[in-house]
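# Secondary and tertiary structure notes
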Amino acid sequence: MQQKIVVKVSMDSDKKTRKALKIAVSISGVVSASFVGSDKDQIAVTGDGIDSVELTTLLRKKVGYTELVSVGPVEAKKEEPKKPTVQVDPSYQYYYYQSYGEPYYYYYSYY
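Predicted, not measured: the structure shown is a model, and the values here were computed from it.

### Regarding unusual backbone geometry
For residues besides glycine, phi is generally negative; the peptide bonds are generally trans as well. Despite not being glycine, K40 has its phi angle at roughly 55°, a positive value. For K40, a relative accessible area of 49% puts it in the partly exposed group.

### Topic: the nonpolar core
Ranked by internal contacts, the top residues of the largest apolar core, which has 15 residues, are V9, V45, L55, L59 and V63. Excluding anything up to four places from it in sequence, L59 contacts V7, V9, A20, I23, G64 and T66.

### Topic: helix α1 (residues 14-26)
Taking 1.5 Å of rise per residue, 13 residues should cover 18 Å, and α1 covers 18 Å from first to last C-alpha, within 8% of that figure. All of the buried residues along α1 are T17, A20, I23 and A24. Seen end-on, α1 carries its buried residues on one side only, within an arc spanning 130°. Projecting away from the buried face of α1 at angles above 90 degrees are the exposed residues D14, K15, R18, K22 and S26. Those residues of α1 that are buried lie in contact with β2 (30-36), β3 (42-48) and α2 (52-62).

Cut-offs used in this document
Residues numbered from 1 in each chain as written. Predicted model: local features only at pLDDT ≥ 70, side-chain atom pairs only at ≥ 80, totals over all residues. Heavy atoms only, no water. Buried < 20%, exposed > 50% of the residue type's maximum accessible area, 1.4 Å probe, protein only. Core = buried A, V, L, I, M, F, W, Y, C linked by side-chain atoms within 4.5 Å. Contact = heavy atoms within 4.5 Å. Helix = DSSP H or I, 4+ residues; strand = E, 2+ residues; numbered from the N terminus. Expected span 1.5 Å × (residues − 1). Arc of directions from axis to C-beta.

In short, geometric facts, not functional conclusions.
Here it is in structure tokens:
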């Protein structure tokens, strides 16, 4: 069963941000990791069989203050109805002839 873990990490610099994401991805069972939150100070890790305590401990040791926000199952994505695509009629074509003056546009109809 896949689970989603959200961890809040105090990341002051770009180096700490890269390091935190690298640590989060290196744990076994991780499928994806991404930044969430308004300040991008939270890391959302999804995967199968991830140990949340191990994740927070590693981040505390190597990055800094870390707080476990939530652990829960991954939410299923709802499929939205697809919009119909617009079909273009190939019988009409526009041609552009480049010249030094104003461009000439010609409209041809094959029917």
